[in-house]
Amino acid sequence: MEKIILSIILVLMALGVHGQEKKQTPLPPYAYATEEVSFTNAEDHAVLSGTLSYPLGYEKMEKNGVPVVLMISGSGLQNRDEELFGHKPFLVIADYLAKHGIASLRYDDRNFGKSTGNATEATTETFMKDALAGIDFLKKSGQFGKIGVIGHSEGGSIAFMLASRKSVDFVVSLAGSGVRGDLVLLAQNRTLLSTYGIPDQVCTDYCNVLKGIFQAQSAKPDIANPKEFVKELVEKAQAKLPPSLEQNLVTVIRQSNPWLRYFISYDPGKDITKTYCPVMAVNGNKDMQIDAKINLEAIQTLLPANTQNLIKEYPELNHLFQHSKTGNPAEYANIEETIAPEVLEDVANWINQISK
């Protein structure tokens, strides 16, 4: 019981583990050009450093016809490769796109890697403004044709934020959410608890109390006595929880921050309904962090009609789009594959198709 994850989001924000290099990771010298660049979110005095990758034969192409994507990582501060347990999915994606006629810009999150900026008070909206600065940088360069975004997980929500503001020409949402943040976290916790063999009724009781915590955190930033507050919620819900799970709930309150309070209240539906550009939204059916069925159905229902939209669920893929046995995050580090080849192929084909 003591090792049960209190919330995948909180765990992901803390991940900084490095594993062995994976076979899909491309190594220099690359067969295409790359450039170290930086752009600034002037509103918040953040300088984002990244890598611009040009497609093969770029100098020989008509520059205005080459599409480019800005890559936006998921929750938690990550480097430009979205590195996790030795996997570098954004580097793998950038490499594949460069070899298939698509440029890309990936960057270190603020206050991480070579980027600067205050991350303590940052929310999803803050990260959206960082991404918007990246889009403006690409537009002002005058080097590319259509400019789109590839957003993973929370980055998918940011992609829809940008699209609703008519800032981008297309969106690729990789395991992005289509429902409010608190619902995402409640589903994550229920799934993980069940995976660890916790009885259904205990899962229900735990999530009922967690829901009460989220409601309180949305209403006010601070809870004076987390332990007493959890005790009150447990009694009100008539929940029967072991001490270790009650302590997890106390920890949720103590680890609350501006990012989490924003996340649980944010409903991506408002931005999705205003997204009129082409959208490719995909997920794996073994994703334990963003339920594929619930979120893809929500996105498909909310999106304005567009014949170029592609909504797809991949069998056997987890949240990182790796082929997996269970989808449990504990598998991520031990899977050799960084990202399924069929996803890379579909993303590149779709972007090239809608960019004609």
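Residues numbered from 1 in each chain as written. Predicted model: local features only at pLDDT ≥ 70, side-chain atom pairs only at ≥ 80, totals over all residues. Heavy atoms only, no water.

Undergrad: Outline the overall build of the chain, listing residues and values.
TA: Tallying secondary structure elements over the chain gives 12 helices and 8 strands in all. Computed over its C-alpha atoms, the radius of gyration of the chain comes to 20 Å, within 12% of the 21 Å expected for a compact globule of 356 residues. C-alpha atoms of the chain, sized along the principal axes, occupy 70 × 45 × 40 Å. Accessible surface for the chain amounts to roughly 15,500 Å². Of this, 51% is attributable to carbon and sulfur atoms. Of the charged side chains in the chain, 34 are positive and 41 negative; the average position of the first set lies 2 Å away from that of the second. (Helix = DSSP H or I, 4+ residues; strand = E, 2+ residues; numbered from the N terminus. Rg over C-alpha atoms; globule rule 2.2 N^0.38 Å. Areas by Shrake-Rupley, 256 points an atom, 1.4 Å probe, with all protein chains shown as cover. Lys, Arg positive; Asp, Glu negative; His and termini not counted. Charge placed at Lys NZ, Arg CZ, Asp CG, Glu CD.)

Undergrad: Describe helix H4 (residues 154-164), with residues and values.
TA: Two residues of an α-helix separated by three or four positions point the same way, owing to the 3.6 residues in each turn. With 11 of 11 residues buried, H4 is to be regarded as a mostly interior element. Those residues of H4 lying buried are Glu154, Gly155, Gly156, Ser157, Ile158, Ala159, Phe160, Met161, Leu162, Ala163 and Ser164. Of the residues flanking the end of H4, it is Lys166, one or two places downstream, whose phi is positive at about 60°. (Buried < 20%, exposed > 50% of the residue type's maximum accessible area, 1.4 Å probe, protein only.)

Undergrad: Which residues make up the sheet that holds strand E4 (residues 103-107), and what values go with them?
TA: If you walk across this open sheet you meet the 8 strands as E1-E2-E4-E3-E5-E6-E7-E8, and the pairing is mixed. Looking along the sheet, the strands with just one partner apiece sit at the ends: strand E1 (34-41) and strand E8 (310-314). Neighbouring strand axes in the sheet, compared pairwise and without regard to direction, differ in orientation by 20° on average. Strand direction decides the pairing type here: strand E5 (residues 147-152) and strand E6 (residues 170-174), joined by 5 bridges, are parallel. (Pairing = 2+ DSSP bridges. Axes fitted to C-alpha atoms, helices over the stretch in contact; angles between N-to-C directions.)

Undergrad: I'd love a proper account of the nonpolar core, names of residues and values included.
TA: One finds Leu70, Phe144, Val149, Leu162, Val171, Ile213 and Leu241 to be the most contacted residues of the largest nonpolar core, which totals 73 residues. Ranked by residues supplied to this core, first place goes to helix H6 (residues 200-219) with 9 residues. If you look at the next biggest cluster of nonpolar residues, it comprises 27 residues, including Val69, Leu97, Phe170 and Ile354. (Core = buried A, V, L, I, M, F, W, Y, C linked by side-chain atoms within 4.5 Å.)

Undergrad: Requested: an account of empty space enclosed by the protein, with residues and values cited.
TA: Considering all chains together, one arrives at 5 cavities of 30 Å³ or more under this definition. Considering only enclosed or pocket space, the second largest cavity measures out at about 80 Å³ in volume. Taken together, Leu48, Ile72, Ser73, Gly74, Gly76, Tyr107, Asp109, Arg110, Phe127, Asp130, Glu154 and Ile158 make up the lining of the second largest cavity. Of all the elements in the fold, those that place two or more residues in the lining of the second largest cavity are helix H3 (124-141) and H4. Broken down by class, the residue content of the lining of the second largest cavity amounts to 5 nonpolar, 3 polar and 4 charged. (1 Å grid on protein atoms, 1.4 Å probe; cavity = no way out; pocket = protein on both sides within 12 Å on 5 of 7 lines; lining within 4 Å. Points joined across faces, edges and corners; volume = space filled by probe spheres on them. Nonpolar A, V, L, I, M, F, W, Y, C, P; charged D, E, K, R; others polar.)

Undergrad: Before we move on, can you summarise the side chain of Gln217 with the specific residues and values?
TA: Here Gln217 shows up in helix H6. Among the residues examined, Gln217 registers a relative accessible area of 4% and is labelled buried. When residues no more than four places from it in sequence are discounted, the contact partners of Gln217 are Ile223, Val252, Ile253, Ser256, Arg261 and Ile264. (Contact = heavy atoms within 4.5 Å.)

Undergrad: Run through H3, naming residues and quoting values.
TA: Over its 18 residues, H3 extends 26 Å from the first C-alpha to the last, a length consistent with the 26 Å expected when each residue adds 1.5 Å. Those residues of H3 that fall on the buried side of the exposure criterion are Thr124, Thr126, Phe127, Met128, Asp130, Ala131, Ala133, Gly134, Ile135 and Leu138. (Expected span 1.5 Å × (residues − 1).)

Undergrad: Can you lay out the pairing of E6 for me, pointing to particular residues and giving the numbers?
TA: Most of E6 is tucked away, with 5 of its 5 residues classed as buried. Burial along E6 is two-sided: Phe170, Val172 and Leu174 and Val171 and Ser173, pointing in opposite directions, are all buried. With respect to chirality, the unit in which E5 leads through H4 into the neighbouring parallel E6 is right-handed. Bridge count for E6 against strand E7 (residues 279-284) is 4 bridges, and the pairing is parallel. Note that in E7 the partner of Val172 across the bridge is Met280. (Right-handed = clockwise from strand over helix to strand, strands pointing away.)

Undergrad: Can you lay out the environment of Thr273 for me, pointing to particular residues and giving the numbers?
TA: Tracing the sequence through the fold places Thr273 in the loop between helix H10 (269-272) and E7. Overall, the relative accessible area of 32% leaves Thr273 in the partly exposed class. In this structure the C-alpha to C-alpha distance between Thr273 and Leu260, which are 13 residues apart in sequence, comes to 23 Å. In this view, Thr273 contacts Leu302 and Pro304; residues no more than four positions away in its chain are not counted.

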